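Coordinate inspection notes
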Amino acid sequence: MLPDAIELVIVTPEKQLLREKVVEVQLPGENGYLGVLPGHAPLITELGIGELRYHHLGGKESAHLAVVQGFAEVLADRLTVLAETAERAEEIDLQRAKDALARAEKRLASNDPNIDWDRANVALQRALIRIQVATKQRSALVAGS
Amino acid sequence: MATLLDFRRRIRSVKNTQQITRAMKFVAAARLRRAQEAAIAARPYARELARMLRSIMSRIDEPQHPLLAHRPEQRILAIVLAGERGLAGAFNANILRKAQDFFRANKGKKLSTIPIGKKGRDALKKAGFHLIAEYVNVLARVDFLTAREIALLVTELYAQEEIDSVYMVFSEFKTVMTPNLVVTRLLPVEAVPADEESGSATSEVDYIYEQPEQQLLGKLLPRYIETQLLRAMLESSAAEHAARMTAMESATKNAGDVIEALTLHMNKVRQAAITKEIIEIVSGASYGA
């Protein structure tokens, strides 16, 4: 028999962010987004930088998080996300994310040979995804009200 | 002979000291609580990561990774976690003695060290050890990014075969009264110990791996080193605050004892002075009669 919910656990090195019963999760795998429903085959994947979305058990609204790299372990009734950083959409400081984006763009545009391309690129992607997640949540709140 | 005024002054000065030690005790207690909370909050990640790593290592017949490579221990790096500040009883002295013991036991090999915490840095520098790097003022508020930075440094040194093994010397926080000094090997990574909580049931699962196992292993191992370092830093920080709290508590108690003894003495002196005065008056009066 298939379980009717997944226990979603999101942990970061500093703390456990979330432990909830959910029915559907979309997570940013290293090789593309994965959708996870209850009863998924056991799977381990690396995470990229992206948006993690989930539906509460019995709820209609979906919640969004910005996650940056890490790993995820999928079991039939359990999904463990080990993210380097994970932030709920409502916790994201939009202004800070925009500043970070501007900084990263500037760094990538400069001709300085000393810049760490990978790091700047990750910073850019992280800023982009944070802005995307934050604005999405905000517009959803406006539309819902 | 000490006069009444001298006693009053001394009592007042001891009281001032006592106030300071008491305040320091409360500050240390608050910081200890914060450090303990941080240590507990960091546990789920470390546990899940260790479990995942164990499961992958058990799946690969011969795990190959630079961080798993054993070499004869000729060049040893010791990460010594001491305190940031003094006035913590024997905390710093104990950890440094442990470090010295470790260095003495490995005499003849090429030793280098990375001190974390100001007190450790000062002492090891003075003793003339080779410092590869030093991290000070990082234990007051332990940050994952610091752990990552240190982990990156040592894993690179290890992967480039600059060093053959990495040890951590730190105080494990068991209870407030009993610090536990430990020396653990960080690199090369050995079989990841299983902990009681998670059990072995999940490691039997036949996972689909989105990425090749070796690649996942390569990503998981550095993370594992980071969590180990973070744990050591959190534990050490909690132990330092606990040691300071205990030290300040006994200092406050001692100050109380000193005040009591001084007050007793002062009262005796005062009594003696009064008695002397009465005798003088009485004898003066009997002469007059």
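The residue numbers shown here count from 1 along each chain, following its written sequence. In the order they appear in the text, chains get letters beginning with A and ligands get numbers beginning with 1. pLDDT decides what is reported in this predicted model: residues at 70 or higher carry local features, side-chain atom pairs at 80 or more are listed and counted, and totals for whole chains, interfaces and linings draw on all residues regardless. Only hydrogens and water are set aside; all other atoms, that is, all heavy atoms of the structure, feed into the side-chain values.

Let's shift gears to the overall build of chain B. In this text, helices come from DSSP runs of H or I with a minimum length of four residues, and strands from runs of E with a minimum of two, each type numbered from the N-terminal end. A count of helical and extended segments in chain B gives six helices and five strands. A radius of gyration in this sense is built from C-alpha atoms; the matching globule rule multiplies 2.2 Å by the number of residues raised to 0.38. In summary, chain B has a C-alpha radius of gyration of 28 Å against a globular reference of 19 Å for 289 residues, an excess of more than 25%. Its C-alpha atoms give chain B principal-axis dimensions of roughly 115 × 45 × 25 Å. Each residue's exposure class comes from its accessible area (1.4 Å probe, protein chains only) as a fraction of the maximum for that residue type: buried when under 20%, exposed when over 50%, partly exposed otherwise. Each of the 289 residues in chain B was classed as buried or not, and the buried ones make up 42%. Taking the contacts inside chain B whose residues are at least 6 apart along the sequence as the reference set, 78% of them involve residues at least 24 apart. Taken as a whole, chain B presents about 15,500 Å² of accessible surface, with 55% of it coming from carbon and sulfur. Residues counted as positive are Lys and Arg, residues counted as negative are Asp and Glu, and His and the chain ends are not counted. Each charge is placed at NZ for Lys, CZ for Arg, CG for Asp and CD for Glu. In chain B, the 41 positive side-chain charges and the 33 negative ones have mean positions that sit 11 Å from each other. Throughout, a contact is declared for two residues whenever any of their heavy atoms are within 4.5 Å. For the area figures, the Shrake-Rupley method with a 1.4 Å probe applies, and any residue is considered shielded solely by the protein chains shown.

Note: most peptide bonds trans; most residues except glycine with negative phi. Residues and elements named next belong to chain B. In this structure, Pro188 follows Leu187 across a cis peptide bond, with omega equal to -5°. Structurally, Pro188 is set in the loop between strand 4 (179-187) and strand 5 (208-209). Not every positive phi belongs to a glycine, and Asn137 is a case in point at roughly 60°. Along the chain, Asn137 falls in the loop between helix 4 (118-126) and helix 5 (144-159).

Residue and element names in this part refer to chain B. Following both chains from N to C, one finds helix 3 (residues 91-105) and helix 4 inclined at 45°, their axes separated by 10 Å at the closest point. Of the possible angle classes, the one that applies to helix 3 and helix 4 is oblique. For the element pair helix 3 and helix 4, the recorded crossing hand is right-handed. Contact residues: helix 3 offers Asn92, Leu96 and Phe103, while helix 4 offers Lys119, Gly120, Ala123 and Leu124. Each residue gets one label: Ala, Val, Leu, Ile, Met, Phe, Trp, Tyr, Cys and Pro are nonpolar, Asp, Glu, Lys and Arg are charged, and the others, such as Gly, are polar. Of the residues that constitute the contact of helix 3 with helix 4, the class distribution is four nonpolar, two polar and one charged. Only the stretch in contact is used when fitting a helix axis, every axis being a line fitted to C-alpha atoms; angles between N-to-C directions are given from 0 to 180 degrees. We call two directions roughly parallel when the angle between them is under 35 degrees, roughly antiparallel when it is over 145, roughly perpendicular when it lies between 65 and 115, and oblique otherwise. By definition, turning the near helix anticlockwise from the far helix through less than a right angle yields a left-handed crossing, and turning it clockwise yields a right-handed one.

Let us now look at the side chain of His64(A). By the element assignment, His64(A) lies in strand 5 (residues 62-75). Nitrogen and oxygen atoms within 3.5 Å of one another constitute a polar contact, given that in protein one can donate a hydrogen and the other can accept it, and given that sequence-neighbouring residues count only through two side-chain atoms. Of note is the side chain of His64(A), whose polar atom sits 2.4 Å from the side chain of Glu51(A).

Residue and element names in this part refer to chain B. Centre distance within 6.5 Å is the pairing criterion for rings of Phe, Tyr and Trp, where only the six-membered ring of Trp is used; planes under 30 degrees apart are then read as stacked, over 60 as edge-to-face, and the remainder as tilted. Taken as a whole and judged by the stated rule, the model has four aromatic pairs over all chains. Joined through ring pairs, the aromatic side chains of Phe102, Phe103, Phe129 and Tyr167 make up one cluster. Charge-over-ring contacts are defined here by two conditions on Lys NZ or Arg CZ: a distance within 6 Å of the ring centre and an angle within 35 degrees of the ring normal. Directly above the aromatic system of Phe26 lies the positively charged group of Lys25, at a separation of 5.1 Å from the ring centroid. One Lys or Arg, Arg71, reaches over the ring of Tyr158 and ends 4.4 Å from the middle of that ring.

Along the chain, Asp206(B) falls in the loop between strand 4 and strand 5. A residue is classified by how much of its surface remains accessible, and Asp206(B), at 58% relative accessible area, is exposed. Each C-alpha atom, one on Asp206(B) and one on Leu67(B), is 25 Å from the other, the two residues being 139 residues apart in sequence. Those residues in contact with Asp206(B), other than ones at most four positions away along the chain, are Pro42(A) and Arg59(B).

Right, let's get into the domain arrangement of chain B. Buried accessible area, meaning the area lost when the parts come together, often serves as the stated size of an interface. Residue and element names in this part refer to chain B. You can read the domains of chain B as domain 1 (4-24 + 246-282) and domain 2 (26-245). The interface of domain 1 with domain 2 comprises seven residues on the first partner and twelve residues on the second. Carbon and sulfur atoms supply 55% of the area that domain 1 and domain 2 bury against each other, a total of about 730 Å² over both sides. Throughout this description, the term salt bridge denotes a Lys or Arg side-chain nitrogen within 4 Å of a carboxyl oxygen of Asp or Glu. Taken together, the connections running from domain 1 to domain 2 amount to zero salt bridges. Applying the counting rule to domain 1 against domain 2 returns 15 residue pairs in polar contact (both at pLDDT 80 or more). Listing elements by their share of the side of domain 1 that touches domain 2, those giving two or more residues are helix 1 (4-41) and helix 6 (213-288). With four residues, helix 6 is the single largest residue contributor to the side of domain 1 that touches domain 2. For the side of domain 1 that touches domain 2, the per-class residue count stands at four nonpolar, one polar and two charged. An automatic or database domain assignment supplies the start and end points of every domain. Simply put, the buried area is the total loss of 1.4 Å probe accessible area from both parts when two parts are fitted together.

The next thing to look at is the interface of chain B and chain A. Counting from both sides, the interface comprises 28 residues of chain B and, opposite them, 25 residues of chain A. The interface formed by chain B and chain A includes five salt bridges. Between Glu48(B) and Arg78(A) there is a salt bridge; the shortest N-O distance is 3.4 Å. Here chain B and chain A share 14 residue pairs in polar contact (both at pLDDT 80 or more) between them. The leading source of residues in the side of chain B that touches chain A is helix 2 (residues 43-59) of chain B, at eight residues. Here the side of chain B that touches chain A is composed, by residue class, of 16 nonpolar, four polar and eight charged. Pairing analysis gives two bridges linking strand 4 (residues 43-56) of chain A to strand 5 of chain B, with the strands arranged parallel. What makes two strands pair is DSSP finding at least two bridges between them.

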